[in-house]
Amino acid sequence: MNIDFQGIGQTVATFQTEDETLTAGMAVTMTGNGTVGLGAKDGLPCGVALGVVRNGAVPVQIAGVAEVKYSGTAPGVGYAMLSCDGKGSVAVAASGGYRCLVLSVNREKNTVVIKL
């Protein structure tokens, strides 16, 4: 059985960015007023980029269910404290972090489906 959670409760907003390397699927953090970027390691994720940067702006999913890459140890399903790794992926937070519901983990692709 193939279950797909994509699009559930999806809310998207357009943000400014100075990071031209952002692409769809990357975890982003707030880096200023109305501005997102990859941020620093252990930054709190505010959403997942849904497209490429155009004219200094990028669409970001800020609520709902999204798929994103993870680095380091795979989070377990259920609630997990996640942070950004500063490279576009999420990681299990060493301390603090953002509480997300992990709906599925794909260890072959290093991706997780999370509810933001």
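This text goes with the structure placed above it.
A. Inspection of the overall build of the chain at higher detail. When its secondary structure is counted, the chain shows zero helices and ten strands. Ordered by position from N to C terminus, the α and β elements of the chain give β-β-β-β-β-β-β-β-β-β. Computed over the C-alpha atoms, the radius of gyration of the chain is 13 Å, within 12% of the 13 Å expected from 2.2 N^0.38 for a compact globule of 116 residues. Seen through its C-alpha atoms, the chain measures out along the principal axes to roughly 40 × 30 × 20 Å. Residues counted as buried form 40% of the 116 residues belonging to the chain. Contacts in the chain between residues far apart in sequence, at least 24 positions, make up 52% of those at least 6 positions apart. For the chain, the exposed area adds up to about 6,400 Å²; of that, 51% sits on carbon and sulfur atoms. Side chains of the chain give 8 positive and 8 negative charges; the mean places of these two sets differ by 7 Å.

B. Looking closely at the sheet that holds strand E6 (residues 65-69). Taken in spatial order, the five strands of this open sheet run E6-E10-E9-E7-E8, and their pairing is antiparallel. Looking at the sheet topology across the chains shown, the edges are occupied by E6 and strand E8 (90-92). Here the average twist between neighbouring strands, direction ignored, is 50°. Relative to strand E9 (residues 98-106), strand E7 (residues 78-84) runs antiparallel, the two being bridged by five bridges. Opposite Met 81, over in E9, you have Arg 99 as the bridge partner.

C. Structural view of the sheet that holds strand E3 (residues 35-37). Strands sit in the order E1-E3-E2-E4-E5 around a closed barrel of five strands; the barrel is mixed. Between one strand axis and the next, the sheet turns through 55° on average, direction left out of account. In this structure, strand E1 (residues 11-17) lies alongside strand E5 (residues 57-63), joined through six bridges in antiparallel fashion. Its bridge partner being in E5, Phe 15 is matched across the sheet by Val 58.

D. Examining the nonpolar core more closely. Grouped together as the largest cluster of nonpolar side chains are 14 residues, with contacts concentrated most on Val 68, Leu 82, Val 90, Val 112 and Ile 114. Within the residue set of this core, elements represented by two or more residues are E6, E7, E9 and strand E10 (111-115). Counting residues per element, this core draws most heavily on E7, which supplies three residues. For Ile 114, the contacting residues outside a window of four places in its chain are Gly 64, Val 65, Ala 66, Val 68, Leu 82, Cys 100, Leu 101 and Val 102. Leu 22, Val 28, Leu 38 and Cys 46 belong to the second largest nonpolar core, which has eleven residues in total.

What counts, and where the lines are drawn
- Residues numbered from 1 in each chain as written.
- Predicted model: local features only at pLDDT ≥ 70, side-chain atom pairs only at ≥ 80, totals over all residues.
- Heavy atoms only, no water.
- Helix = DSSP H or I, 4+ residues; strand = E, 2+ residues; numbered from the N terminus.
- Rg over C-alpha atoms; globule rule 2.2 N^0.38 Å.
- Buried < 20%, exposed > 50% of the residue type's maximum accessible area, 1.4 Å probe, protein only.
- Contact = heavy atoms within 4.5 Å.
- Areas by Shrake-Rupley, 256 points an atom, 1.4 Å probe, with all protein chains shown as cover.
- Lys, Arg positive; Asp, Glu negative; His and termini not counted.
- Charge placed at Lys NZ, Arg CZ, Asp CG, Glu CD.
- Pairing = 2+ DSSP bridges.
- Axes fitted to C-alpha atoms, helices over the stretch in contact; angles between N-to-C directions.
- Core = buried A, V, L, I, M, F, W, Y, C linked by side-chain atoms within 4.5 Å.

Read these as geometric descriptors, not functional statements.
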